[in-house]
Amino acid sequence: MPLIASKYGKGRVRVMRLTRDGDDHTPRELSLAVLMKGAFDAAWTDGDNRACVATDSVKNIVNVVAAKNLSLDKEAFAEAVAATFLDTYPQVEEIGIEGKETRWLRQTIGGRPHGHVFTLDGNGTGYVKLVASRDGAVMQSGLRGFTFMKTTQSGWADFVDDAYRTLADATDRIAATAMDATWTWASAPADYTATNARVLDILIEVFGTTYSASVQDSMYRMGEAVLAAIPEIAEIGFAMPNKHYIPINLTPFGLENPNTVFLPTDEPHGQIEATIGRG
(Lines give C-alpha, C1' and ligand atoms only; values in the text may rest on other atoms or scores of the structure.)
Protein backbone atom coordinates (compact mmCIF):
# COMPACT_ATOMS: atom_id res chain seq x y z
CA MET A 1 0.00 0.00 0.00
CA PRO A 2 1.52 3.36 -0.99
CA LEU A 3 1.96 6.20 1.48
CA ILE A 4 0.23 8.96 -0.45
CA ALA A 5 0.89 11.95 1.79
CA SER A 6 2.43 12.69 5.16
CA LYS A 7 3.47 15.56 7.37
CA TYR A 8 4.17 16.05 11.04
CA GLY A 9 5.30 18.64 13.56
CA LYS A 10 3.98 20.45 16.61
CA GLY A 11 0.64 22.09 17.28
CA ARG A 12 -0.26 24.82 19.76
CA VAL A 13 3.28 26.01 20.23
CA ARG A 14 2.48 29.03 22.36
CA VAL A 15 5.00 31.81 22.85
CA MET A 16 4.93 35.35 24.17
CA ARG A 17 7.66 37.78 23.08
CA LEU A 18 8.02 40.92 25.16
CA THR A 19 10.05 43.92 24.07
CA ARG A 20 11.02 46.37 26.79
CA ASP A 21 11.98 49.96 26.06
CA GLY A 22 12.25 51.30 29.58
CA ASP A 23 8.72 51.33 30.97
CA ASP A 24 7.23 50.99 27.47
CA HIS A 25 6.54 47.31 26.73
CA THR A 26 5.11 45.58 23.65
CA PRO A 27 3.72 42.02 23.97
CA ARG A 28 3.50 39.71 20.96
CA GLU A 29 1.67 36.45 21.67
CA LEU A 30 1.22 33.64 19.14
CA SER A 31 0.00 30.05 19.04
CA LEU A 32 1.68 28.22 16.15
CA ALA A 33 1.20 24.97 14.28
CA VAL A 34 4.46 23.98 12.56
CA LEU A 35 4.30 20.99 10.19
CA MET A 36 7.10 19.51 8.07
CA LYS A 37 6.97 17.63 4.79
CA GLY A 38 10.01 15.87 3.38
CA ALA A 39 12.07 12.71 3.38
CA PHE A 40 10.34 11.12 6.34
CA ASP A 41 8.41 8.31 4.66
CA ALA A 42 10.54 5.59 6.27
CA ALA A 43 9.23 6.58 9.69
CA TRP A 44 5.75 5.52 8.50
CA THR A 45 6.61 2.54 6.32
CA ASP A 46 9.71 1.03 7.98
CA GLY A 47 9.75 2.29 11.57
CA ASP A 48 12.94 4.21 10.73
CA ASN A 49 13.22 7.52 12.58
CA ARG A 50 16.72 8.53 11.55
CA ALA A 51 15.59 11.46 9.40
CA CYS A 52 13.00 12.69 11.87
CA VAL A 53 13.30 15.90 13.84
CA ALA A 54 11.69 15.51 17.26
CA THR A 55 8.51 17.51 17.69
CA ASP A 56 9.99 18.75 20.97
CA SER A 57 12.80 20.25 18.89
CA VAL A 58 10.17 22.05 16.80
CA LYS A 59 8.97 23.77 19.97
CA ASN A 60 12.54 24.59 20.97
CA ILE A 61 13.28 26.13 17.57
CA VAL A 62 10.25 28.41 17.89
CA ASN A 63 11.43 29.53 21.34
CA VAL A 64 15.01 30.15 20.19
CA VAL A 65 13.85 32.11 17.15
CA ALA A 66 11.57 34.09 19.49
CA ALA A 67 14.46 34.96 21.79
CA LYS A 68 16.54 36.18 18.85
CA ASN A 69 13.67 38.09 17.20
CA LEU A 70 11.63 39.80 19.89
CA SER A 71 10.37 42.65 17.71
CA LEU A 72 9.37 40.94 14.47
CA ASP A 73 5.73 41.09 13.47
CA LYS A 74 3.94 37.77 13.11
CA GLU A 75 4.56 37.50 9.37
CA ALA A 76 8.31 38.11 9.61
CA PHE A 77 8.50 35.85 12.66
CA ALA A 78 6.90 32.98 10.71
CA GLU A 79 9.44 33.59 7.94
CA ALA A 80 12.29 33.42 10.45
CA VAL A 81 11.02 30.14 11.88
CA ALA A 82 10.63 28.64 8.40
CA ALA A 83 14.12 29.76 7.37
CA THR A 84 15.61 28.08 10.43
CA PHE A 85 14.06 24.74 9.47
CA LEU A 86 14.99 24.95 5.80
CA ASP A 87 18.55 26.06 6.56
CA THR A 88 19.09 23.45 9.27
CA TYR A 89 17.47 20.28 7.92
CA PRO A 90 18.07 19.23 4.28
CA GLN A 91 15.44 16.49 4.65
CA VAL A 92 12.73 19.13 5.17
CA GLU A 93 11.24 19.92 1.77
CA GLU A 94 8.36 22.10 2.94
CA ILE A 95 7.48 23.77 6.21
CA GLY A 96 3.94 24.90 6.95
CA ILE A 97 3.34 27.43 9.71
CA GLU A 98 -0.03 28.67 10.87
CA GLY A 99 -0.32 31.15 13.71
CA LYS A 100 -3.14 32.58 15.76
CA GLU A 101 -2.35 35.92 17.34
CA THR A 102 -3.63 37.00 20.73
CA ARG A 103 -3.99 40.74 20.27
CA TRP A 104 -3.29 42.90 23.29
CA LEU A 105 -4.50 46.52 23.14
CA ARG A 106 -2.56 49.17 25.04
CA GLN A 107 -4.74 50.61 27.79
CA THR A 108 -5.22 54.34 28.28
CA ILE A 109 -5.03 55.43 31.92
CA GLY A 110 -5.42 59.06 32.95
CA GLY A 111 -5.78 60.08 29.33
CA ARG A 112 -2.39 58.66 28.28
CA PRO A 113 -1.38 55.30 26.74
CA HIS A 114 0.12 53.20 29.54
CA GLY A 115 3.48 51.55 29.10
CA HIS A 116 2.69 48.07 30.41
CA VAL A 117 -1.09 47.63 30.85
CA PHE A 118 -3.08 45.86 28.13
CA THR A 119 -6.58 44.53 27.50
CA LEU A 120 -7.58 41.72 25.19
CA ASP A 121 -8.98 42.68 21.79
CA GLY A 122 -12.68 41.75 21.46
CA ASN A 123 -12.96 41.58 25.20
CA GLY A 124 -15.47 40.11 27.62
CA THR A 125 -19.23 40.29 27.91
CA GLY A 126 -21.49 42.43 30.02
CA TYR A 127 -23.52 40.80 32.81
CA VAL A 128 -26.76 41.63 34.57
CA LYS A 129 -28.81 39.74 37.15
CA LEU A 130 -32.09 40.81 38.70
CA VAL A 131 -33.95 38.99 41.46
CA ALA A 132 -37.31 40.67 41.99
CA SER A 133 -40.28 39.97 44.22
CA ARG A 134 -43.21 41.97 45.55
CA ASP A 135 -41.06 42.77 48.57
CA GLY A 136 -38.17 44.25 46.61
CA ALA A 137 -35.42 43.52 44.14
CA VAL A 138 -31.69 42.99 43.96
CA MET A 139 -29.92 44.25 40.85
CA GLN A 140 -26.40 43.20 39.90
CA SER A 141 -24.21 44.31 37.03
CA GLY A 142 -20.81 43.12 35.95
CA LEU A 143 -18.44 41.64 33.44
CA ARG A 144 -17.60 38.10 32.41
CA GLY A 145 -14.27 37.02 30.96
CA PHE A 146 -12.78 40.52 30.80
CA THR A 147 -9.11 39.85 30.12
CA PHE A 148 -6.28 42.22 30.97
CA MET A 149 -2.58 42.10 31.67
CA LYS A 150 0.37 44.08 32.93
CA THR A 151 3.87 43.05 31.94
CA THR A 152 5.65 44.26 35.08
CA GLN A 153 4.92 45.63 38.59
CA SER A 154 3.62 42.29 39.86
CA GLY A 155 5.08 39.66 42.16
CA TRP A 156 4.37 36.53 44.18
CA ALA A 157 6.75 35.96 47.08
CA ASP A 158 6.99 34.93 50.76
CA PHE A 159 4.31 32.25 50.45
CA VAL A 160 4.39 28.90 52.30
CA ASP A 161 7.73 27.13 51.82
CA ASP A 162 7.33 23.41 52.43
CA ALA A 163 8.01 20.04 50.81
CA TYR A 164 5.39 20.64 48.11
CA ARG A 165 6.58 24.05 46.94
CA THR A 166 8.46 24.25 43.64
CA LEU A 167 7.89 27.92 42.71
CA ALA A 168 10.60 30.46 43.40
CA ASP A 169 9.78 33.92 44.72
CA ALA A 170 9.03 36.40 41.93
CA THR A 171 9.08 40.18 42.27
CA ASP A 172 8.73 41.11 38.58
CA ARG A 173 6.35 38.96 36.57
CA ILE A 174 3.54 39.25 34.04
CA ALA A 175 0.12 39.40 35.74
CA ALA A 176 -2.88 38.49 33.59
CA THR A 177 -6.41 37.35 34.27
CA ALA A 178 -9.79 36.76 32.65
CA MET A 179 -11.93 38.48 35.27
CA ASP A 180 -15.52 37.89 36.27
CA ALA A 181 -16.67 40.85 38.36
CA THR A 182 -20.14 41.41 39.80
CA TRP A 183 -21.27 44.47 41.67
CA THR A 184 -24.52 44.70 43.63
CA TRP A 185 -26.43 47.95 43.63
CA ALA A 186 -27.63 49.49 46.90
CA SER A 187 -29.49 52.06 44.84
CA ALA A 188 -29.83 52.89 41.19
CA PRO A 189 -27.21 55.24 39.74
CA ALA A 190 -28.19 58.16 37.54
CA ASP A 191 -26.92 56.23 34.51
CA TYR A 192 -26.15 52.50 34.63
CA THR A 193 -24.11 52.53 31.42
CA ALA A 194 -21.89 55.42 32.45
CA THR A 195 -21.42 54.11 35.98
CA ASN A 196 -20.56 50.60 34.78
CA ALA A 197 -17.94 52.11 32.48
CA ARG A 198 -16.55 54.07 35.43
CA VAL A 199 -16.28 50.86 37.48
CA LEU A 200 -14.15 49.28 34.78
CA ASP A 201 -11.97 52.38 34.49
CA ILE A 202 -11.32 52.29 38.25
CA LEU A 203 -10.52 48.58 38.25
CA ILE A 204 -8.00 48.93 35.42
CA GLU A 205 -6.41 52.06 36.86
CA VAL A 206 -5.79 50.49 40.27
CA PHE A 207 -4.51 47.27 38.71
CA GLY A 208 -2.26 49.06 36.26
CA THR A 209 -0.77 51.85 38.33
CA THR A 210 0.06 50.10 41.63
CA TYR A 211 2.43 47.28 42.49
CA SER A 212 0.67 43.94 42.93
CA ALA A 213 2.02 41.67 45.67
CA SER A 214 -0.50 39.04 44.50
CA VAL A 215 -3.78 38.78 42.63
CA GLN A 216 -5.41 38.86 46.08
CA ASP A 217 -3.68 42.15 46.88
CA SER A 218 -4.76 43.85 43.66
CA MET A 219 -8.28 42.41 43.86
CA TYR A 220 -8.91 43.84 47.33
CA ARG A 221 -7.61 47.29 46.46
CA MET A 222 -9.58 47.32 43.19
CA GLY A 223 -12.76 46.56 45.11
CA GLU A 224 -11.99 49.17 47.78
CA ALA A 225 -11.50 51.83 45.13
CA VAL A 226 -14.84 51.08 43.43
CA LEU A 227 -16.73 51.22 46.72
CA ALA A 228 -15.00 54.46 47.71
CA ALA A 229 -15.86 56.13 44.42
CA ILE A 230 -19.41 54.88 43.78
CA PRO A 231 -21.76 55.01 46.79
CA GLU A 232 -24.59 53.32 44.89
CA ILE A 233 -22.66 50.01 44.93
CA ALA A 234 -23.11 47.90 48.06
CA GLU A 235 -20.49 45.25 47.34
CA ILE A 236 -18.34 43.88 44.55
CA GLY A 237 -17.25 40.30 43.97
CA PHE A 238 -14.45 38.93 41.81
CA ALA A 239 -13.32 35.65 40.30
CA MET A 240 -9.90 36.13 38.74
CA PRO A 241 -8.16 33.04 37.32
CA ASN A 242 -4.47 33.43 36.59
CA LYS A 243 -3.33 33.39 32.99
CA HIS A 244 0.24 32.24 33.47
CA TYR A 245 3.24 33.42 31.46
CA ILE A 246 6.16 31.20 32.44
CA PRO A 247 9.69 32.35 31.51
CA ILE A 248 11.19 29.80 29.11
CA ASN A 249 14.54 28.26 30.08
CA LEU A 250 16.86 29.10 27.19
CA THR A 251 20.15 28.17 28.90
CA PRO A 252 20.41 24.82 27.01
CA PHE A 253 20.76 26.94 23.85
CA GLY A 254 23.33 29.34 25.30
CA LEU A 255 20.81 32.16 25.61
CA GLU A 256 19.67 34.29 28.52
CA ASN A 257 16.04 35.15 29.09
CA PRO A 258 15.73 38.53 30.85
CA ASN A 259 11.93 38.20 31.15
CA THR A 260 11.36 38.53 27.40
CA VAL A 261 10.21 35.07 26.17
CA PHE A 262 7.37 33.25 27.90
CA LEU A 263 5.19 30.16 27.62
CA PRO A 264 1.53 31.27 27.84
CA THR A 265 -0.62 28.72 29.66
CA ASP A 266 -3.87 28.72 31.61
CA GLU A 267 -4.17 25.02 32.46
CA PRO A 268 -4.08 24.48 35.38
CA HIS A 269 -4.61 27.98 36.68
CA GLY A 270 -4.81 29.67 40.03
CA GLN A 271 -8.39 30.61 40.92
CA ILE A 272 -8.77 33.61 43.21
CA GLU A 273 -12.18 34.80 44.43
CA ALA A 274 -13.40 37.37 46.95
CA THR A 275 -16.22 39.77 47.74
CA ILE A 276 -15.55 43.23 49.17
CA GLY A 277 -18.36 45.07 50.96
CA ARG A 278 -18.98 48.06 53.16
CA GLY A 279 -19.17 46.23 56.53
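Residues numbered from 1 in each chain as written. Predicted model: local features only at pLDDT ≥ 70, side-chain atom pairs only at ≥ 80, totals over all residues. Heavy atoms only, no water.

Looking only at helices and strands, one finds five helices and 12 strands in the chain. Dimensions of the chain, computed from the C-alpha atoms along their principal axes, are close to 75 × 45 × 45 Å. By the burial criterion, 40% of the 279 residues in the chain qualify as buried. A fraction of 66% describes how many contacts in the chain between residues 6 or more apart in sequence connect residues 24 or more apart. By element, 51% of the accessible surface of the chain is carried by carbon and sulfur atoms, the whole surface being about 15200 Å². Averaged over its 26 positive side-chain charges, the chain has a centre that lies 2 Å from the centre of its 35 negative ones. (Helix = DSSP H or I, 4+ residues; strand = E, 2+ residues; numbered from the N terminus. Buried < 20%, exposed > 50% of the residue type's maximum accessible area, 1.4 Å probe, protein only. Contact = heavy atoms within 4.5 Å. Areas by Shrake-Rupley, 256 points an atom, 1.4 Å probe, with all protein chains shown as cover. Lys, Arg positive; Asp, Glu negative; His and termini not counted. Charge placed at Lys NZ, Arg CZ, Asp CG, Glu CD.)

In this structure, the largest pocket spans a volume of roughly 670 Å³. Forming the walls of the largest pocket are 29 residues, and the residues nearest its centre are W156, L167, A170, R173 and H244. Classifying every residue of the lining of the largest pocket by side-chain character gives 16 nonpolar, nine polar and four charged. (1 Å grid on protein atoms, 1.4 Å probe; cavity = no way out; pocket = protein on both sides within 12 Å on 5 of 7 lines; lining within 4 Å. Points joined across faces, edges and corners; volume = space filled by probe spheres on them. Nonpolar A, V, L, I, M, F, W, Y, C, P; charged D, E, K, R; others polar.)

This paragraph deals with the sheet that holds strand β3 (residues 92-102). Spatially, the five strands line up as an open sheet ordered β3-β2-β1-β11-β10, and their pairing is antiparallel. Edge strands, defined here as strands with exactly one partner in the open sheet, are β3 and β10 (244-247). Between one strand axis and the next, the sheet turns through 35 degrees on average, direction left out of account. Pairing of strand β1 (residues 8-21) with strand β2 (residues 24-38), which is carried by 12 bridges, proceeds in the antiparallel orientation. Paired with L18 across the strands is P27, a residue of β2. Strand contacts of helix α2 (residues 55-68): β1, β2 and β11 (261-265), with the helix running at about 20 degrees to β1, the strand carrying the most contacts. (Pairing = 2+ DSSP bridges. Axes fitted to C-alpha atoms, helices over the stretch in contact; angles between N-to-C directions.)

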